[in-house]
Amino acid sequence: MSSLAVPYGVVVVGSDADARYACERFSLHDSFRVLTEIHPADQSTLFSGLLKNDQVHVIYFAGPDDGGRPASNHIKNAMLAGKHVVLRSGVVSDASTLDQLAALVTEGVLAFVDEPRRWDDDFLNARSLIDSGKLGLLKRIRLAIHELKFPGELFSAGVLRDLGSRWIDQLLAFVDGNLVSSSLRRNFSKDVSAEDGFLAILEFTGGLSAMIEIQTDSLLSSRSGWYIEGTAGAYRNGRLYTKTADGEIVDEPVNRPPDSIHDSVEALASVIGGSTAERSRLVSLSHAARVQAAMDSLLANEIFLP
């Protein structure tokens, strides 16, 4: 991978705000050069030429094809042609398809899902504590967001998929155990049948329980961040809580890992350049499949109340 010439050529597939944002992010990084942005309607006619172009190193899929279908065939062909692939979160929402694409990943071909929230301080702090073992075995994980959405803000796929998937991605990055049960309660506006929030409860092997609540029609303007409790300690808002032998509860600040990369674009540049350490920071397709499976489980176990 490190033999490629910098800057690495990038093609963005899509024509909406997500595609334009991707173009901007790559353009601001010295290691990348955006070659073109492809409208979904032009994918079939232009894609074969892109795969033969040695100047194209990365293809970013910002949206589905012109028929509204996930561009899984184009993604597969890109990987088989040796191109690195980045998927905007939610572009491929089928767990089995993600698993099939994950099987095509090799040492020389990267493929991952772009999850910008993976570089939030709160997530990185919590993850560093879990990895260090200072929390012991995890028992309870909680997160609650109660905010009022902006005027005109829409969640076309629903709050669970548009917002909740980001937090479920982080949750599953904390948890090694398998999901054994789940339940979902969605809230809908009284004026229209639009989803404006949800409460999700997930239970994992080993007795770990997790609860995520997101409300977008709340006046409270509150974000809890991750609350994580284990057998040896607890985490909240950038601090580690432990109990001394005489029963005193003490807390200390958690420092963000000093070697953490600022975002997925920078991490991608580092990995293409030959770094193996940063590869684990990228959201693998296998992990994304696990997230989608959890989402499917929640929707299959939705609780409907009168």
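Our structure is the block above this text.
So, here is what we can say about the structure in this document. (Residues numbered from 1 in each chain as written. Predicted model: local features only at pLDDT ≥ 70, side-chain atom pairs only at ≥ 80, totals over all residues. Heavy atoms only, no water.)

Notes on the overall build of the protein chain
Right, so step 1: For the protein chain, the count of helices and strands is eight helices and 15 strands.
Right, so step 2: Computed over C-alpha atoms, the radius of gyration of the protein chain comes to 21 Å, within 12% of the 19 Å expected from 2.2 N^0.38 for 306 residues, which places it in the range of a compact globule.
Right, so step 3: When its C-alpha atoms are laid out on the principal axes, the protein chain stretches across 65 × 50 × 35 Å.
Right, so step 4: Counting the 306 residues in the protein chain, one finds 45% classified as buried.
Right, so step 5: When contacts within the protein chain are restricted to residue pairs at least 6 apart in sequence, those whose partners lie at least 24 apart make up 73%.
Right, so step 6: Between the centroid of the 29 positive side chains of the protein chain and the centroid of its 40 negative side chains there is a distance of 2 Å. (Helix = DSSP H or I, 4+ residues; strand = E, 2+ residues; numbered from the N terminus. Rg over C-alpha atoms; globule rule 2.2 N^0.38 Å. Buried < 20%, exposed > 50% of the residue type's maximum accessible area, 1.4 Å probe, protein only. Contact = heavy atoms within 4.5 Å. Lys, Arg positive; Asp, Glu negative; His and termini not counted. Charge placed at Lys NZ, Arg CZ, Asp CG, Glu CD.)

Some words on the side chain of Thr216
Right, so step 1: Among the structural elements, Thr216 can be located in the loop between β9 (209–215) and β10 (217–223).
Right, so step 2: A distance of 2.6 Å separates the side chain of Thr216 from the backbone oxygen of Asp196, its partner in a polar contact.
Right, so step 3: Contacts of Thr216, omitting those with residues within four sequence positions, involve Glu147, Leu148, Lys149, Phe155, Val159, Leu163 and Asp196. (Polar contact = N/O pair within 3.5 Å; in protein donor to acceptor, adjacent residues only side chain to side chain.)

Topic: the environment of Gly274
Right, so step 1: When you line up the elements, Gly274 lands in the loop between α7 (264–272) and β15 (283–284).
Right, so step 2: For Gly274, a relative accessible area of 45% translates into the label partly exposed.
Right, so step 3: The spacing of Gly274 and Gly108 is 166 residues in sequence and 10.0 Å in space, taken between C-alpha atoms.

Topic: the side chain of Ser31
Right, so step 1: Relative to the elements of secondary structure, Ser31 occurs in the loop between α1 (17–27) and β2 (32–38).
Right, so step 2: Setting aside residues up to four positions removed in sequence, Ser31 forms contacts with Val6, Pro7, Tyr8 and Ala269.

Quick notes on the packing of aromatic side chains
Right, so step 1: Scanning the entire structure with this criterion turns up six aromatic pairs.
Right, so step 2: With 5.0 Å between their ring centres and 80 degrees between their planes, Phe26 and Phe32 make a pair best called edge-to-face. Just as Phe26 is buried, Phe32 falls in that class too.
Right, so step 3: Pairing Trp167 with Trp226 gives two aromatic rings, centres 6.2 Å apart and planes at 65 degrees, and the pair type is edge-to-face. (Phe/Tyr/Trp six-rings, centres within 6.5 Å; stacked < 30°, edge-to-face > 60°.)

Some points on the sheet that holds strand β3 (residues 58–61)
Right, so step 1: In space, the six strands of this open sheet follow the order β2-β1-β3-β4-β5-β15, with mixed pairing throughout. The sheet is open, and its two edges are formed by β2 and β15, each paired on a single side.
Right, so step 2: Two strands pair when backbone bridges link them, and strand β1 (residues 8–13) and β2 are joined in this way by six bridges, in the parallel orientation. Across the sheet, residue Val10 finds its bridge partner in β2, namely Val34.
Right, so step 3: Packed on one face of the sheet, α1 meets β1, β2, β3, β4 (84–88) and β5 (111–114) and runs near 160 degrees to β2. (Pairing = 2+ DSSP bridges. Axes fitted to C-alpha atoms, helices over the stretch in contact; angles between N-to-C directions.)

Some words on the nonpolar core
Right, so step 1: Formed by 38 residues in total, the largest nonpolar core has its most connected members in Ile141, Ile168, Leu171, Phe174, Ile212, Trp226 and Ile228.
Right, so step 2: Contributing elements (two or more residues each) for this core: α5 (121–132), β6 (138–148), α6 (159–174), β8 (195–204), β9 and α8 (285–300).
Right, so step 3: When residues in this core are grouped by element, the largest group, eight residues, is from α6.
Right, so step 4: Sequence-distant contacts of Ile168, defined by excluding residues within four places in its chain, comprise Leu160, Ile212, Val291, Ala294, Met295 and Leu298.
Right, so step 5: Residues Ile75, Leu98, Ala288 and Ala289 belong to the second largest nonpolar core, which totals 27 residues. (Core = buried A, V, L, I, M, F, W, Y, C linked by side-chain atoms within 4.5 Å.)

A word on the packing of helix α4 (residues 95–102) against α8
Right, so step 1: Remark: α4 packs on α8, axes separated minimally by 8 Å, with the N-to-C direction vectors making an angle of 170 degrees. One element, α4, and the other, α8, form an angle in the roughly antiparallel class. Residues Ala95, Leu98, Asp99, Leu101 and Ala102 of α4 form the contact with α8, whose participating residues are Leu285, Ser286, Ala288, Ala289, Gln292 and Ala293. (Parallel < 35°, antiparallel > 145°, perpendicular 65-115°, else oblique.)

Some thoughts on the environment of Asp16
Right, so step 1: Residue position: Asp16 is located in the loop between β1 and α1.
Right, so step 2: Of the residues examined, Asp16 reaches a relative accessible area of 35% and is grouped as partly exposed.
Right, so step 3: Each C-alpha atom of the pair Asp16 and Gly63 lies 8.0 Å from the other, and the pair is 47 residues apart in sequence.
Right, so step 4: Among the polar contacts made by the side chain of Asp16, one reaches the main-chain amide nitrogen of Asp18 at a distance of 3.2 Å.
Right, so step 5: From its side chain, Asp16 meets the backbone nitrogen of Ala19 in a polar contact 3.1 Å long.

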